[in-house]
Protein chains: 2
Amino acid sequence: MSEQLSGLTDMDPEDFRAAAHAVVDQMADYLATVERRPVMPPITPGSLKPLFPASPPEQPEPLAAILDDYRRLVEPNATHWQHPGFMALFATTASAPGILGEMLTAAIGQNAMLWRTSPIGTELEQVVVDWLRQGVGLPPEFDGMLTDTASTSSLIALAGAREASGFSAAAEGLAGRDEVPSLRIYLSREAHNSIDKAAMTLGLGRASLVHIPVDEAYAMRPDALAEAIETDRSAARRPIAIVATVGTTSSTAVDPVPAIAAVAEREGLWLHVDSAYAGPVALIAGRRAPFAGWERADSIVINPHKWLFTPLDASLLLTRRLDALRTAFSLSRAYIEAPDGSVAPRDYTDFTPQLGRRFRALKLWIQLRWFGLEGLRRRIDHHIELAQEFASWIDADPEFERLAPVPFSTVCFRYRPAALRDGTDAGSISERLDALNARLITAVNGTGEVFLSHTKLGGRYTIRMAIGNLRTERRHIERAWQLLRREAAALDG
Amino acid sequence: MSEQLSGLTDMDPEDFRAAAHAVVDQMADYLATVERRPVMPPITPGSLKPLFPASPPEQPEPLAAILDDYRRLVEPNATHWQHPGFMALFATTASAPGILGEMLTAAIGQNAMLWRTSPIGTELEQVVVDWLRQGVGLPPEFDGMLTDTASTSSLIALAGAREASGFSAAAEGLAGRDEVPSLRIYLSREAHNSIDKAAMTLGLGRASLVHIPVDEAYAMRPDALAEAIETDRSAARRPIAIVATVGTTSSTAVDPVPAIAAVAEREGLWLHVDSAYAGPVALIAGRRAPFAGWERADSIVINPHKWLFTPLDASLLLTRRLDALRTAFSLSRAYIEAPDGSVAPRDYTDFTPQLGRRFRALKLWIQLRWFGLEGLRRRIDHHIELAQEFASWIDADPEFERLAPVPFSTVCFRYRPAALRDGTDAGSISERLDALNARLITAVNGTGEVFLSHTKLGGRYTIRMAIGNLRTERRHIERAWQLLRREAAALDG
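**Q** Account for the overall build of chain A, naming residues and giving values.
**A** Scanning chain A from N- to C-terminus turns up 15 helices and 12 strands. Over its C-alpha atoms chain A spans a radius of gyration of 25 Å, differing by no more than 12% from the 23 Å that the globule rule assigns to 493 residues. Seen through its C-alpha atoms, chain A measures out along the principal axes to roughly 75 × 60 × 45 Å. With 493 residues in all, chain A has 60% of them scored as buried.

Structure below.
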């Protein structure tokens, strides 16, 4: 009988040791060779399920067979976020020290929901959150926590705003109450759809979202914001929050936070700053201009699992209003109390929609020490420089057109050959350009060497080159540029 | 200059290989020796933060120094969920094959939000979800997903119920709408506070929760349920969902699902079954009686990171109403579309409040194959047998009193010495028993050999022995019983 059936407990620790060493070699081999794989594998939806048995395994299988299948079925069918040619969306790199952190996290098996269920998980989270706060130059009034994703961080922030508006939504709900008017949240047309998800989840609804027009740089117009608030107030709708974005998802635009903060303060509204992508740039004192005014926010989100090279998942929520978050999410029940009824100074589950919480602080602690803030700054700085260089190539090539400013490390552009350059976007030329660029990105991604994504800016199909993968070097940007020009020329032919 | 400062990318893959082998030895050493540690370390809240530098590290540090600090500062200050003496709350064991899965998950760095961002993450999740569905004997109408925690699974289910009630809450919100009445969700007084959190988050509020009385076995009374619904309807409140629990958190009570399902069907209400803890028992065909009727539910939650020995986090949400979940959470934006605008058959982010999603299917796939369903059944069965045996010891000892039935692997009891056994709980005897049992659990936990938690049942302070840690053997239960009797005798002395 196999070990798996003869035993009634876990794998023997020494068998685990041997298995884990084998797995480490698999992991290191993957990282050493990932560049040879196509970033996005050439497979079609639905083609993978049939490769696996339709019924669950009744009998145990040897680990070697499972790892063989991992190599055969899993690795080739992944989108390789770890590939240096991954320039789509925003990168999530699982850095080597971050992976080591995940390994230790898995083995030590903490649930950091209560101090009692993980003293080190709770207090190391406080340490790391404060290190990051100091690193990005925010004042000590900001406290916070690590969540899974920016969606959850922003949901928590807006739940805080909902409580702060004074309607006791967590206690009384929003439905069937005459005294609760229509509530409104303001955000730019370019804000991320995690805010939409938060409004849907929180019972505010997509209808609560007022999308403010943007200027030519895709930044929120504070005059339009003030106007929208006034319109809502005069219609007896109740503004509760403004979401400003520093580094939007489409074009990494920077909303004018000082002007927006002034509106928020005047109107008594919660200000949430979404800098999930760009936030780590604030580690660099000389690059803090886009973040001016964010210290006036009630809450801020920064994602270590984006531009701090932390394995998914890790999002940092900082806030000056932990009290409102507690009202939104805190509960007590006998079965999670300490035996003597004592209350710990920090139980993180008081501030989150979930009870169970991973020990995310560990990987961040390891990463911050291994890179040092100085090592992180150098890498982020390098990505910004690469993006500036790529943008200069776009600008110098008459066949390409840049479609947005480049405040960080993402370049928005499109191919625009001479035949489609009559100076207007109107009618059929605009449609032909959209179709041409969709073909171009498909062709470039089809090479497997790079993976780009697209968006729409001002109605135009826009290719995004998002630099931020820890393994991306200058040669990968050069190669992407070569491929873009080569495939563009081939489209014309 | 250190590697960390001289380079602009990640750690060299071969350096990573060496570092990861060292980390594996640390992990294996931990697992091999965890039993020698006190389950809950004897530390006080606030004592750990000062052990770490108040300011973030500016310069990189060598990995060896970081791992030394891990051994010195992290390991001794964890609550050891991996310890075989962890019998508190409900166990979360990170099994060896589950840890191997987390290691590979970290290295391959997937974000399983869209098919395109992780084809294998998406389709392997479909495979594993269906394997688990078959394993627990549910019909193929149930589809589903892996989420982080039961809190999120139940939140998603209740968001589905909110949509299914016909008020378009995700689109229009719940506030300021005359046509939306007070909404109501029914659950027993013993239901888990994740449901309270979901109601708070979803804008339904704690006021939407109607806590139905329980019978002497702590199970929901269907007659009281029907009555409460009728009362609400006649007061123009709108019932939308019933939450039945199979295996409550306090005493693992089983709500009568067939009778509750009949009420839900008659009243047209969404039925959500919370079997986060007990669900894995349904892998054993001969032990499915408590789950009778759950196939009539609209949604069901089962947590692999509880009694399936999966590292946190992994919760399984099964539902027959994926359509309602899509209405509750789906959105589209240009920047996450495929370049050609095509739609994948399954993008899991359509059903979740978060966008980013970990590749949780991988660890489950490895675990299910390594243990086989047969290996999992044997272990779960063993835990139930151990609990029955422990309960028989309690029942046979006149100084102890069992306080609830034991349908699964958790035993609720208290110490009740002869002097406090006058047959009533009234007045001072009741208070003295509560205080005595609080002292008993504190003393037993203080030995460091086991870690028990408590709850309140019928107002009585109740000690819980929750068996479900993969590493717990018969000798650990015997030792816990020895310690309970020894420390109880010492209290009297």
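**Q** Give a detailed account of the environment of Met 40 of chain B, specifying residues and quantitative values.
**A** All names here are of chain B. Mapped onto the fold, Met 40 is located in the loop between helix H2 (13–33) and helix H3 (63–74). For Met 40, a count of 22 C-beta atoms within 10 Å gives the class buried. Along the chain, Met 40 and Ala 278 lie 238 residues apart, while their C-alpha atoms are 25 Å from each other. Met 40 has contacts with Thr 79, Asn 445 and Phe 451, leaving out every residue within four places of it along the chain.

**Q** How would you explain the interface of chain B and chain A if you had to name every residue and give the values?
**A** Counting residues at the interface gives 146 residues for chain B, matched by 146 residues for chain A. The leading source of residues in the side of chain B that touches chain A is H2 of chain B, at 14 residues. Split by residue class, the side of chain B that touches chain A holds 78 nonpolar, 42 polar and 26 charged.

**Q** Go over unusual backbone geometry with me, naming the residues and quoting the values.
**A** Leu 312 of chain A connects to Asp 313 of chain A through a cis peptide bond whose omega is 10°. Inspection of the secondary structure assignment puts Asp 313 of chain A in the loop between helix H11 (304–307) and strand S8 (315–319). Of note in the backbone geometry, Thr 252 of chain B takes a positive phi value of approximately 60° without being a glycine. With 27 C-beta atoms counted inside 10 Å, the residue Thr 252 of chain B sits in the buried group.

**Q** Tell me about helix H9 (residues 222–234) of chain A, and please be specific about residues and values.
**A** Residues and elements named next belong to chain A. With 13 residues, H9 should reach 18 Å at 1.5 Å per residue; the first-to-last C-alpha distance of 18 Å fits that figure. Burial in H9 covers these residues: Pro 222, Leu 225 and Ile 229. For H9, the angular spread of the buried residues around the axis is 50°, confining them to a single face. For H9, the exposed residues lying more than 90 degrees away from the buried face are Glu 230, Thr 231 and Ser 234. On its buried face, H9 sits against strand S3 (183–188), strand S4 (209–212), strand S5 (238–245) and helix H10 (257–267).

**Q** Tell me about the relation of the copies chain B and chain A, and please be specific about residues and values.
**A** With an RMSD of 0.0 Å, the operation that places chain B on chain A is a rotation of 180° combined with a shift of 0.0 Å along the axis. What the rotation and shift describe, once combined, is the action of a two-fold rotation axis. When the interface residues of chain B are mapped onto chain A, 100% of them again fall at the interface, so both copies present the same face.

**Q** Describe the sheet that holds strand S2 (residues 143–147) of chain B, and please don't skip the residues or the numbers.
**A** All names here are of chain B. A sheet is described by the order of its strands in space; here 7 strands give the open sequence S2-S8-S7-S6-S5-S3-S4, paired in mixed fashion. Each end of this open sheet is capped by a strand with a single partner; those strands are S2 and strand S4 (209–212). Pairwise comparison of adjacent strand axes, ignoring direction, gives a mean angle of 20° for this sheet. Relative to strand S8 (residues 315–319), strand S7 (residues 299–302) is paired through 4 bridges, and the arrangement is antiparallel. By the bridge assignment, Ile 302 is partnered in S8 with Leu 316. Where helix H8 (residues 193–201) meets the sheet, its contacts fall on strand S3 (183–188), S4 and strand S5 (238–245), and the angle it forms with S4 comes to roughly 160°.

**Q** Explain the pairing of S3 of chain A residue by residue, including any values.
**A** Residue and element names in this part refer to chain A. Taking burial as the measure, the 6 residues of S3 include 6 buried ones, the bulk of the element. Here S3 shows two buried faces, one formed by Leu 183, Ile 185 and Leu 187 and the other by Arg 184, Tyr 186 and Ser 188. Pairing of S3 with S5, which is carried by 5 bridges, proceeds in the parallel orientation. Note that in S5 the partner of Tyr 186 across the bridge is Ile 242. With 4 bridges connecting them, S3 and S4 associate as parallel partners. Directly across from Leu 187, in S4, lies its bridge partner His 211. For the handedness criterion, the β-α-β arrangement of S3, helix H8 (residues 193–201) and S4 is classed as right-handed.

**Q** Tell me about the packing of helix H13 (residues 361–396) of chain B against helix H15 (residues 474–492) of chain B, and please be specific about residues and values.
**A** Helix-helix packing is described using two parameters, namely the angle between the two axes and the distance between the axes. Residue and element names in this part refer to chain B. The interhelical angle for the contact between H13 and H15, taken along N-to-C directions, is 20°, at an axis separation of 11 Å. Classed by the angle they form, the pair H13 and H15 counts as roughly parallel. Here H13 runs over H15; the crossing is right-handed. Residue-level contacts link Leu 386, Phe 390 and Trp 393 of H13 to Arg 474, Ile 477 and Trp 481 of H15.

**Q** Please give an account of helix H5 (residues 119–135) of chain A that cites residues and values.
**A** Residues lying three or four places apart along an α-helix face the same way, a consequence of the helix completing one turn every 3.6 residues. Residues and elements named next belong to chain A. Taking 1.5 Å per residue as the helical rise, H5 with its 17 residues ought to reach 24 Å, and the 24 Å between its terminal C-alpha atoms agrees with that figure. Judged by how many residues are buried, H5 sits mostly within the fold: 16 of 17 residues are covered. Downstream of H5 by a residue or two, Gly 137 has a phi angle that is positive, lying close to 80°.

**Q** Break down the domain arrangement of chain A for me, citing the residues and quoting the values.
**A** All names here are of chain A. Taken as a whole, chain A is organised into domain 1 (110–358) and domain 2 (369–492). With centres defined by C-alpha atoms, the gap from domain 1 to domain 2 works out at 31 Å. The interface is formed by 19 residues belonging to domain 1 together with 15 residues belonging to domain 2. Across the side of domain 1 that touches domain 2, the residue classes tally to 13 nonpolar, 5 polar and 1 charged.

**Q** Would you mind going over the packing of H5 of chain A against helix H13 (residues 361–396) of chain A in detail, with residue names and values included?
**A** Residues and elements named next belong to chain A. At a minimum axis separation of 9 Å, H5 and H13 run at an interaxial angle of 40°. Between H5 and H13, the angle falls in the class oblique. In this structure, H5 crosses over H13, and the sense of that crossing is left-handed. Facing H5, whose interface residues are Gly 121, Leu 124, Glu 125, Val 128, Trp 131 and Gly 135, H13 presents Ala 361, Leu 362, Leu 364, Trp 365, Leu 368 and Leu 373. The residue makeup of the contact of H5 with H13, split by class, is 9 nonpolar, 2 polar and 1 charged.

**Q** Break down the sheet that holds strand S11 (residues 451–457) of chain A for me, with residues and values.
**A** All names here are of chain A. Judged by pairing direction, the sheet is mixed, and its 5 strands sit side by side in the order S1-S11-S12-S10-S9 without closing on themselves. The open sheet has two edge strands, strand S1 (86–87) and strand S9 (400–402), and neither has a second partner. In this structure, S1 lies alongside S11, joined through 2 bridges in parallel fashion. Looking at the pairing, Phe 86 lines up with Phe 451 of S11.

**Q** How would you summarise the nonpolar core if you had to cite specific residues and measurements?
**A** Met 103 of chain A together with Met 103 of chain B are the most contacted members of the largest nonpolar core, which has 336 residues in total. The contact partners of Met 103 of chain A, leaving out residues within four places of it in the chain, are Ala 20, Val 23, Met 27, Met 103 and Ala 106 of chain B.

**Q** Explain the confidence of the model for chain A to me, and be specific about the residues and the numbers.
**A** Averaged over all residues, the pLDDT of chain A is 96; the fraction at 70 or higher stands at 97%. Scored as a complex, the prediction yields pTM 0.97 and ipTM 0.97.

**Q** So what about the environment of Val 210 of chain B? Which residues, and what values?
**A** Residue and element names in this part refer to chain B. Mapped onto the elements of the fold, Val 210 is located in strand S4. Distance in space between the C-alpha atoms of Val 210 and Ala 175 is 21 Å, their sequence separation being 35 residues. Ignoring sequence-local partners within four residues, the contact set of Val 210 consists of Arg 184, Ile 185, Tyr 186, Ala 228 and Asp 232.

**Q** Help me get a handle on the environment of Arg 377 of chain A, residues and values and all.
**A** Within the secondary structure, Arg 377 of chain A is located in helix H13. When sequence neighbours within four positions are dropped, the list of residues in contact with Arg 377 of chain A reads Leu 283 and Ile 284 of chain A.

Calculation notes
- Residues numbered from 1 in each chain as written.
- Chains lettered and ligands numbered in written order.
- Predicted model: local features only at pLDDT ≥ 70, side-chain atom pairs only at ≥ 80, totals over all residues.
- Helix = DSSP H or I, 4+ residues; strand = E, 2+ residues; numbered from the N terminus.
- Rg over C-alpha atoms; globule rule 2.2 N^0.38 Å.
- Buried ≥ 20, exposed ≤ 12 C-beta atoms within 10 Å, placed from the backbone.
- Contact = placed C-beta atoms within 7 Å.
- Nonpolar A, V, L, I, M, F, W, Y, C, P; charged D, E, K, R; others polar.
- Expected span 1.5 Å × (residues − 1).
- Arc of directions from axis to C-beta.
- Least-squares fit on C-alpha atoms with pLDDT ≥ 70 in both.
- Pairing = 2+ DSSP bridges.
- Axes fitted to C-alpha atoms, helices over the stretch in contact; angles between N-to-C directions.
- Right-handed = clockwise from strand over helix to strand, strands pointing away.
- Parallel < 35°, antiparallel > 145°, perpendicular 65-115°, else oblique.
- Left-handed = near helix turned anticlockwise from the far one by under 90°.
- Domains from an automatic or database assignment.
- Core = buried A, V, L, I, M, F, W, Y, C linked by C-beta atoms within 7 Å.
- pLDDT = per-residue confidence, 0-100.

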